[in-house]
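Take a look at the letters that make up each chain.
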Amino acid sequence: MATNGELPIEPHKTFDTILVLDFGSQYSHLITRRMRELNVYCEMLPCTQNLAELSWKPKGIILSGGPYSVYWDDAPHVDPAVFELDVPILGICYGLQEIAWHFGKNVLAGEKREYGHAFLKVERHEGGSGSGHVDKLFQGLEDDMEVWMSHGDKLSNLPPSFVTIATTTNAPFAGMAHQEKPYYGIQFHPEVTHTPRGKHLLKNFAVEICKAKQDWTMGKFVDQEIARIKALVGEKGQVIGAVSGGVDSTVAAKLMQEAIGDRFHAVLVDNGVLRLNEAAQVKETLTEHLGINLTVVDASERFLGLLKGVTDDPEKKRKIIGNTFIEVFQEEAKKIAAAAAGSSKAGEIEWLLQGTLYPDVIESISFKGPSATIKTHHNVGGLLAGMHLKLIEPLRELFKDEVRELGTNLGIPEELVWRHPFPGPGIAIRILGEVTPEQVRIAREADHIFIEEIRAAGLYRKISQAFAALLPVKAVGVMGDKRVHNQVIALRAVETSDFMTADWYPFDGQFLKKVSRRIVNEVDGVCRVVYDITSKPPGTIEME
Ligand code: XMP
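Residues numbered from 1 in each chain as written. Predicted model: local features only at pLDDT ≥ 70, side-chain atom pairs only at ≥ 80, totals over all residues. Heavy atoms only, no water.

- The name recorded for the protein in an unreviewed UniProt entry is GMP synthase [glutamine-hydrolyzing], from Lepidopterella palustris CBS 459.81.
- Per UniProt, the comment on the protein under Catalytic activity (unreviewed entry) is "XMP + L-glutamine + ATP + H2O = GMP + L-glutamate + AMP + diphosphate + 2 H(+)". (UniProt positions renumbered as here; feature names shortened; annotations may be inferred.)

## Structural notes on the site of the ligand
Line of reasoning, step 1. Taken together, 11 residues sit near the ligand, with Arg318, Gln465, Lys536, Ile541 and Glu542 positioned nearest.
Line of reasoning, step 2. A distance of 2.7 Å separates an oxygen atom of the ligand from a polar atom in the side chain of Arg318.
Line of reasoning, step 3. With respect to the ligand, the side chain of Gln465 contributes an N or O atom lying 2.7 Å from an oxygen atom.
Line of reasoning, step 4. For the ligand, whose unbound accessible area comes to 490 Å², protein coverage reaches 77%.
Line of reasoning, step 5. When grouped by side-chain class, the residues that make up the shell around the ligand number four nonpolar, four polar and three charged. (Near = heavy atom within 4 Å. Polar contact = N/O pair within 3.5 Å; in protein donor to acceptor, adjacent residues only side chain to side chain. Areas by Shrake-Rupley, 256 points an atom, 1.4 Å probe, with all protein chains shown as cover. Nonpolar A, V, L, I, M, F, W, Y, C, P; charged D, E, K, R; others polar.)

## Focus on the nonpolar core
Line of reasoning, step 1. Of all hydrophobic cores here, the largest spans 50 residues; its most connected members are Ile240, Phe450, Ile454, Ile489, Phe507 and Ile519.
Line of reasoning, step 2. When residues in this core are grouped by element, the largest group, eight residues, is from helix α14 (residues 437–456).
Line of reasoning, step 3. With residues up to four places along the chain from it excluded, the contact list for Ile519 reads Ala446, Ile449, Ile489, Leu491, Val526 and Val529. (Core = buried A, V, L, I, M, F, W, Y, C linked by side-chain atoms within 4.5 Å. Buried < 20%, exposed > 50% of the residue type's maximum accessible area, 1.4 Å probe, protein only. Helix = DSSP H or I, 4+ residues; strand = E, 2+ residues; numbered from the N terminus. Contact = heavy atoms within 4.5 Å.)

## Overview of the pattern of salt bridges
Oppositely charged side chains can pair when the atoms bearing their charge come close.
Line of reasoning, step 1. Under the criterion given, the structure shown has 32 salt bridges.
Line of reasoning, step 2. With a shortest N-O distance of 2.9 Å, Glu37 and Arg34 are connected by a salt bridge. With a gap of three residues between them, Glu37 and Arg34 both fall in helix α2 (residues 28–37), about one helical turn apart.
Line of reasoning, step 3. Among the salt bridges present, the one from Glu544 reaches Lys317, with a minimum N-O distance of 2.9 Å. Taken together, the residues Glu544 in the segment after β21 (526–531) and Lys317 in helix α9 (residues 314–341) connect sequence positions 227 residues apart. When sorted by exposure, Glu544 lands in the same class as Lys317, which is buried. (Salt bridge = Lys/Arg side-chain N within 4 Å of Asp/Glu carboxyl O.)

## Some thoughts on the pairing of strand β3 (residues 41–46)
Line of reasoning, step 1. Counting buried positions along β3 yields six of six residues, so the element is predominantly enclosed.
Line of reasoning, step 2. Across six bridges, the pairing between strand β2 (residues 17–22) and β3 is parallel. Across the sheet, Thr17 pairs through a bridge with Tyr41, a residue of β3.
Line of reasoning, step 3. Traced from β2 through α2 to β3, the parallel crossover comes out right-handed. (Pairing = 2+ DSSP bridges. Right-handed = clockwise from strand over helix to strand, strands pointing away.)

## Re the sheet that holds strand β11 (residues 175–178)
Hydrogen bonds between backbone groups are what pair the strands of a sheet, and the pairing can be parallel or antiparallel.
Line of reasoning, step 1. Taking strand neighbours across the sheet as the criterion, the nine strands line up as β3-β2-β4-β5-β12-β11-β10-β7-β8 in an open arrangement whose pairing is mixed. Here the strands that pair on one side only, and so sit at the sheet edges, are β3 and β8 (144–151). Recorded for the sheet is a direction-independent mean angle of 25 degrees between the axes of neighbouring strands.
Line of reasoning, step 2. Strands in contact with α2 are β2, β3, β4 (60–63) and β5 (89–92); relative to β3, the strand with the most contacts, it is inclined by about 165 degrees.
Line of reasoning, step 3. The sheet strands contacting helix α4 (residues 198–209) are β2, β4, β5 and β12 (183–186), and the helix crosses β5 at an angle near 165 degrees. (Axes fitted to C-alpha atoms, helices over the stretch in contact; angles between N-to-C directions.)

Structure representation (structure tokens):
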């Protein structure tokens, strides 16, 4: 079973760190994002974190929002040691109630949910009644602010020793501060963009109140990560990892190459259902431009052979492709390991690279437990059981947009850094019906034209994901002087921020006309093109 490696160098030991204790709000990770945008390093841990187990001391703590009432029997609460740590604390929404509950217990009014925009009035205390810090949270901000509310409970009274620092029509204690200690609570969410001045408030907390240095940059992250990889892997250690040509695996691979050069072995499995010319392009970019030690395994015939005859079961296609991928990768890993073992200058392969991102980490360490829907296609590590590899995950502290920034820093071509996501089962789940070499050819060529036109129209970055799918029906058409009976291509293009919900992209008619004309003229076997105008939900992004 793969295990996580020890981390000899950790960012929170180098950078002043704000700790977010997460109560499960859908916005919690945004607090971390905003802090890093301010160049303040920030980490998130479950709200139930035992502080005695932390080997580092945060500069300040933020208690996030959450879907509970502090009065529920099963409501989560922070380790009381949080209030003994002698660092500033900011409670947001549920976090405010948690602070109030800690100091007063009997201070909440159960209310109907309040959700949406509200206008906040800031109350100043002219130097503060006590240590003079109470006004600092709203320092430099206007007296009237637009804020975003999303809460159930609200305060009915202030806990002892607190003063009001902000109100709204609905919430007389929308902001509070402790008179002696740097403890603050706010009922609204400063981390969402609907609170336009929220980032300034978070900066006041981190920089003015916690005195955190704004010294976290991507450049420093790269230096540190490379040092960390070197220390982990040692002088002779070898690492193996699968690459797909997507941004996460490419950025992770490039970091490894910078750290340990050819002792990192990248493997690209050509499963026969990649995009047009994709295996060759990925090979060229990774080897020639990025200098990565890459093996391309052409297993397309093996995959297509297994897919033969599978007509109407998308899950079966997924399983065949997923399992065969593991088999092929494992076979290749063993070959590379055997070669490494025979070489005098190299040690054994001990490590497996994975491009895990911070949202996956947050999900798996949530106090609610890992999600039931763990992405099995990412779970290559566990399946290489026989090799006893340890996991190395250099992107585990980063969000997707940070990975893109890092990729740009590392010199990865823009085209690759901004590539649309592509599913593991490739265009097999975009060919509705049996996947044959001929169907793959048609789907690939149509997809290539569609994406080429999207790029030419300058729309690629605006659209989150676009592709052509091949429908398993034939329609009549007239081409030249002949009637033909050919297949139908469905185009799909969506805009989304999280891929959980999505809207179809409103192309103009001229654009669609051009794409349709090109596909029908240039792709043999197609006589009709349709555009999918289904949102998600009820549709999904992929068609199978
Ligand atoms: P759906 O179709 O579920 O897609 O709306 C949401 C996102 O997930 C991708 N997707 C997959 N990715 N293996 C993957 O690696 C899969 O089996 C798979 N199915 C969907 C899809 O491309 C979209 O980005």
